[in-house]
Each structure stands twice: as C-alpha cells, then as structure tokens.
Amino acid sequence: MKTKVFLVSLIMIFAINSGAFTISAQTISFAEKLQVLLEKNDIEGAIKLYDNIPENLAEDTDLKLLHASLLISVHRLNEAGAITKSLKESGNNSKDVLEMDATIAVASGNKGAINSAVNALISSDPYNAVANNILGNQQALKKKYKTALGYYKKALIRDKTNEEALFGCGQMNYYIGNLQDSKTYFELLLKLRPDESQAYLYLGKLEAENESYLEAIKYVKQAIKLNPNNSDYWIDLGQYQRSSGKFDEAEKSWSKAIELAPDYFLGYTYRAGLYDEQNRIEEALKDYHKIVETNPKYYFAFEEIGILEFHMENWAVAREYFMKANSINPSIAYQLMVLATFLKEKNTFEAKKYADIFIKEGNKKDMNFSKTQDYNLLRLYKDQGPVMLENTIAKELEKEQNKNKRGKLMYYFGLYYEIKNHPEIAAEYYNKITNMQSPMFYEYRLAEWGIK
C-alpha cells in the first residue's frame with residue numbers, strides 16, 4: 001500500500017502550485033520538477049533536487065517532511081531523522097513531525113525509538129492512527145490477533161479511511177475467524193483503493209474458507225492481474241484450482257510460482273504433493289529435493305523422500321532421509337523406518353545398535369518408557385521377537401483408543417511380520433489400516449503399497 005506520507009506529499013505539491021507559498025520562477029521550477037520526478041517514482045532524483053531548493057522554501061515544514069519521507073523510502077534513515085530532530089529543536093512538535101519520527105523509528109527497527117515515538121503520539125491523542133497502526137502491527141507479529149484488531153479499530157476512530165488500519169482489521173478478523181467482518185473491511189478498502197491486490201487475495205481466501213473455490217479463483221486472478229510477479233498469489237491460485245479439480249491448471253500455477261521465486265520452498269511443496277498423488281514419483285522426488293535444498297528444516301520433505309525411496313526399495317537412501325527427518329523432529333515412526341531399512345538389508349547388527357540408542361534415550365527421559373508400545377516395538381525390531389513380546393503388542397494394539405495412533409502402530413507391527421517373511425499376518429494388519437476412514441498418517445499409504 002502507498003503510505004500516507006506519500007499521499008500527503010502530493011498534496012504538498014498541489015499546495016505549492018496553487019499559490020500557498022510565495023511564488024517565484026525558481027519556486028515554480030522546483031515545484032514542477034519535483035512533481036514530475038514523483039510522478040515517475042524517481043525517488044533519488046527527487047532527493048537530489050532538494051540540493052537546490054529555493055531559499056523561500058527551504059524552511060517549509062511540509063517540504064521538509066516530504067524530504068524525510070523520500071529519504072526513508074531509500075533507507076537513508078539517519079538523514080531523515082536529522083530533519084525531524086531539527087524541526088523538534090526549533091519547537092515544532094506537531095502531529096505530522098511526531099508521526100514522521102515514528103515512521104523513521106519503525107523503519108530503523110529501534111524498539112526504544114519506536115516506543116518513545118508512539119508514546120509521544122498517544123499522549124497527545126489516544127486515537128492517533130499512525131501510533132495505533134504501529135501497536136497493531138507489533139501485536140500481529142506476536143500473533144495476538146484480537147489485541148491487534150483493537151488497535152486497528154482505534155486507528156479508524158480518528159481516520160475512518162485509513163488504509164493500513166482497514167487492511168489490519170480485515171486481516172486480523174480473518175485470522176480469528178470473523179469471516180464476514182473480514183470481508184466487510186477488505187471491501188471498504190477496495191472502495192478507497194481499487195488497485196490493492198492484497199485485498200483481492202484475502203477475499204479469495206475468504207471464499208476458499210467457504211469452499212467456494214471458483215469465486216476464490218476469480219478474486220486471486222484479480223490480485224494477480226494487479227501484481228503478476230508475486231509468487232504467493234500463484235500458490236493460492238494453485239490451491240484453489242487443485243481443490244476444484246483443475247489439476248493441470250494447479251500444476252501450471254505452482255510452476256509459475258516456482259519460476260518467480262525459485263529459492264522459496266512452498267511452490268515446490270504443493271507441486272510435489274500433486275505429483276505424488278498422481279504417482280509421478282520421479283518428478284515428485286525432484287521437487288522434494290528442491291524443498292530440502294531451499295528449506296533444510298522442513299522435515300516433511302525428508303519424510304516424503306524416505307517414503308518414496310522405501311517404496312522403491314532403495315533402503316540406504318530411504319534410511320538416510322528418515323534419519324535426517326528424525327534429527328529435526330525426533331519420532332518413533334522415523335526410528336522404526338530406519339530399523340526396517342536395516343532389516344530389509346538383513347543387517348541385524350546395525351539395527352540392534354540403532355535401536356539401543358533410542359531405547360537408552362527413552363529410558364533416560366521417562367522412567368516408564370519400558371511400559372510403552374514405543375519401547376515394545378523398538379525391542380521387537382531389535383531382537384526380532386520373542387513371541388511373548390509379539391503377543392503383548394497385539395493385545396495392547398486392541399486397547400489403543402486413538403485411531404491414528406492405533407493405525408500407525410499396526411503398520412509397524414505388520415511391517416515386522418513382512419520383514420520376518422510372514423506376508424499373511426502383515427496383510428491382516430495392512431488391511432485393517434486400509435479399512436480405516438479418513439486416515440491422517442503417512443503409514444496408511446505404505447500399508448496400501450504393502451498389500452499390493
């Protein structure tokens with residue numbers, strides 16, 4: 001969004017041209033040149049023009065604030081701060097000067113300066129829009145959305161058409177689930193600024209929340225029309241197309257997002273998922289590898305590579321990626337998959353060593369670990385039995401009330417029998433898993449493959 005400062009700057013130019021200042025040929029020339037440069041968005045040129053500002057304009061507060069605004073836009077914050085400091089030292093503590101001070105403080109990221117500037121504004125006017133927007137932004141970053149919404153609403157009390165506050169109210173209402181209120185604020189914003197692409201983007205999100213994907217597509221396409229180089233817009237478009245069954249179009253949208261932001265992992269994530277669903281395994285793997293390259297902490301991608309490589313019986317590669325996933329997000333599931341790859345290779349020695357690591361860790365963290373199913377399964381894979389332990393696990397599985405947990409545990413129990421060359425017992429457990437409705441665990445897919 002264009003800042004209020006920039007809009008004010010255009011008003012200042014109008015004031016100069018309309019005779020609000022003493023007019024001279026030099027003054028008119030300066031004003032005309034400044035106006036042309038601003039219209040071209042030539043910020044550096046406009047700043048340089050101030051080197052030759054006419055003497056009768058040099059001390060004008062509004063032009064000084066415009067100068068500070070231009071300096072902020074190119075991050076020359078010390079110079080901008082020197083301007084507001086000079087104005088305050090001359091006794092000018094007007095709202096506009098204090099607001100510019102606050103803008104400089106926010107741009108610099110100096111918390112002390114921000115607090116000082118905001119307090120100065122709030123003390124003179126509790127409903128000051130600039131100050132309340134800053135406070136709203138601070139709370140939004142902390143994910144305190146209701147508190148942030150309160151500040152944005154306060155900003156609108158003093159300035160009902162404040163674009164930043166309208167956007168903030170729309171966004172915060174979306175985050176807390178007040179979808180109708182969110183829509184109202186974004187529609188108000190678009191009446192003031194029909195070219196605000198973010199408002200269209202959020203209207204698309206709101207339609208998607210109601211599963212109105214065709215309407216969501218219309219809104220996000222309008223956002224893209226206004227801002228075609230934003231990869232996030234293309235990601236959202238792909239999601240809505242995917243949800244409405246337009247798989248080819250979704251693939252193209254995510255490919256466009258990747259083209260625009262090749263170092264951003266999210267486009268690869270959605271496209272990889274689509275390839276995976278379509279059993280385009282090589283293409284999916286290529287994207288999953290790009291995900292871990294661009295976002296090494298995203299353990300789900302390591303997990304997915306492990307699953308696909310396990311399916312293709314590339315045991316060593318699968319093991320590598322399950323180990324990496326486990327190093328980021330320790331999980332009994334990853335540990336058992338690693339053990340399975342060792343046992344698939346008939347490497348019982350390494351399997352025992354690996355299992356011992358997590359048995360010791362579990363006992364160290366929880367004195368009751370030896371009474372858990374996680375412990376039982378680690379012992380089962382380590383020792384390849386005995387029958388008594390197998391019977392204990394089978395009985396405990398029947399008692400497990402959490403459906404997802406029971407499904408996951410059944411898979412590893414079935415996999416154990418698969419490794420032990422008892423396919424009929426493995427199939428029994430795999431079939432129980434695939435008969436479950438709405439599974440929310442990746443082992444469901446492995447069970448399907450196991451049956452085949």
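In what follows, the structure referred to is the one given above.
Here the residue numbering is sequential within each chain, running from 1 through the sequence in written order. At least 70 in pLDDT is required for a residue's local features to be given in this predicted model, at least 80 for side-chain atom pairs to be given and counted, and no such filter applies to totals for whole chains, interfaces and linings, which use all residues. Computation of side-chain values: all heavy atoms of the structure, hydrogens and water removed.

J.: Give a description of the packing of helix 14 (residues 231-243) against helix 15 (residues 247-260) that names residues and reports values.
T.: The axes are straight lines fitted to the C-alpha atoms, using for helices just the contacting stretch, and the angles between their N-to-C directions are given from 0 to 180°. Here a strand is any run of E in DSSP of at least two residues, a helix any run of H or I of at least four, and the numbering for each starts at the N terminus. Contact pair helix 14 / helix 15: the axes reach a minimum separation of 8 Å and the direction vectors enclose 165°. As judged from the angle between their axes, helix 14 and helix 15 are roughly antiparallel. In the crossing of helix 14 with helix 15, the sense of the turn from one axis to the other is left-handed. Residue-level inspection shows S231, W234, I235, L237, G238, Q239, Q241 and R242 of helix 14 in contact with helix 15, the latter providing F247, E249, A250, S253, W254, K256, A257 and L260. Residues that form the contact of helix 14 with helix 15 fall into these classes: eight nonpolar, five polar and three charged. An angle below 35 degrees is treated as roughly parallel, one above 145 as roughly antiparallel, one from 65 to 115 as roughly perpendicular, and anything else as oblique. Note: crossing handedness is left-handed where the near helix turns anticlockwise from the far helix by less than a right angle, and right-handed where it turns clockwise. Should any heavy atoms of two residues lie within 4.5 Å, those residues are counted as being in contact. Residues are grouped as follows: nonpolar covers Ala, Val, Leu, Ile, Met, Phe, Trp, Tyr, Cys and Pro; charged covers Asp, Glu, Lys and Arg; every other residue, Gly included, is treated as polar.

J.: Explain the environment of N347 to me, using residue names and the numbers behind them.
T.: As for its position among the elements, N347 is in the loop between helix 20 (332-344) and helix 21 (348-365). With 56 residues separating them in the primary sequence, N347 and I291 have C-alpha atoms 31 Å apart. By the criterion applied in these results, polar contacts are pairs of N or O atoms within 3.5 Å in which, for protein atoms, one can donate a hydrogen and the other can accept it, and in which residues neighboring in sequence qualify only through two side-chain atoms. Polar contacts involving the side chain of N347 include one to the main-chain amide nitrogen of E350, which spans 3.1 Å.

J.: Outline the environment of I43, listing residues and values.
T.: Residue position: I43 is located in helix 3 (residues 43-49). Think of it in three bands: residues with accessible area under 20% of the maximum for their type are buried, residues over 50% are exposed, and the middle band is partly exposed, with areas taken using a 1.4 Å probe on protein chains only. Note on I43: relative accessible area 15%, which makes it buried. Leaving out residues up to four positions away in the same chain, I43 has contacts with L70, S73 and V74.

J.: Go over the packing of aromatic side chains with me, naming the residues and quoting the values.
T.: Pairing of aromatic side chains here covers Phe, Tyr and the six-membered ring of Trp, requires ring centres within 6.5 Å, and sorts the geometry by plane angle: under 30 degrees stacked, over 60 edge-to-face, intermediate tilted. Counted under the stated rule, the structure contains 24 aromatic pairs. Look at F167 and Y202: their rings are 5.8 Å apart centre to centre, the planes differ by 85°, and that puts the pair in the edge-to-face class. One end of the pair, F167, is in helix 10 (residues 163-176); the other, Y202, is in helix 12 (residues 197-209), with 35 residues separating them in the sequence. Y202 shares its class with F167; the two are buried. Ring geometry for Y381 versus Y416: centroids 6.2 Å apart, planes at 50°, classification tilted. Residue Y381 is found in helix 22 (residues 373-383), and its partner Y416 is found in helix 24 (residues 403-419); the two are separated by 35 residues along the sequence. Under the relative-accessibility criterion, Y381 is labelled buried at 0%. Only lysine NZ and arginine CZ atoms are considered, and such an atom sits over a ring when it is within 6 Å of the ring centre and within 35 degrees of the ring normal. The cationic tip of K205 hangs over the ring face of Y202; the distance from NZ or CZ to the ring centre is 5.8 Å. The cationic tip of K324 hangs over the ring face of Y321; the distance from NZ or CZ to the ring centre is 4.8 Å.

Honestly, that's just the spatial picture; any functional story needs more than this.
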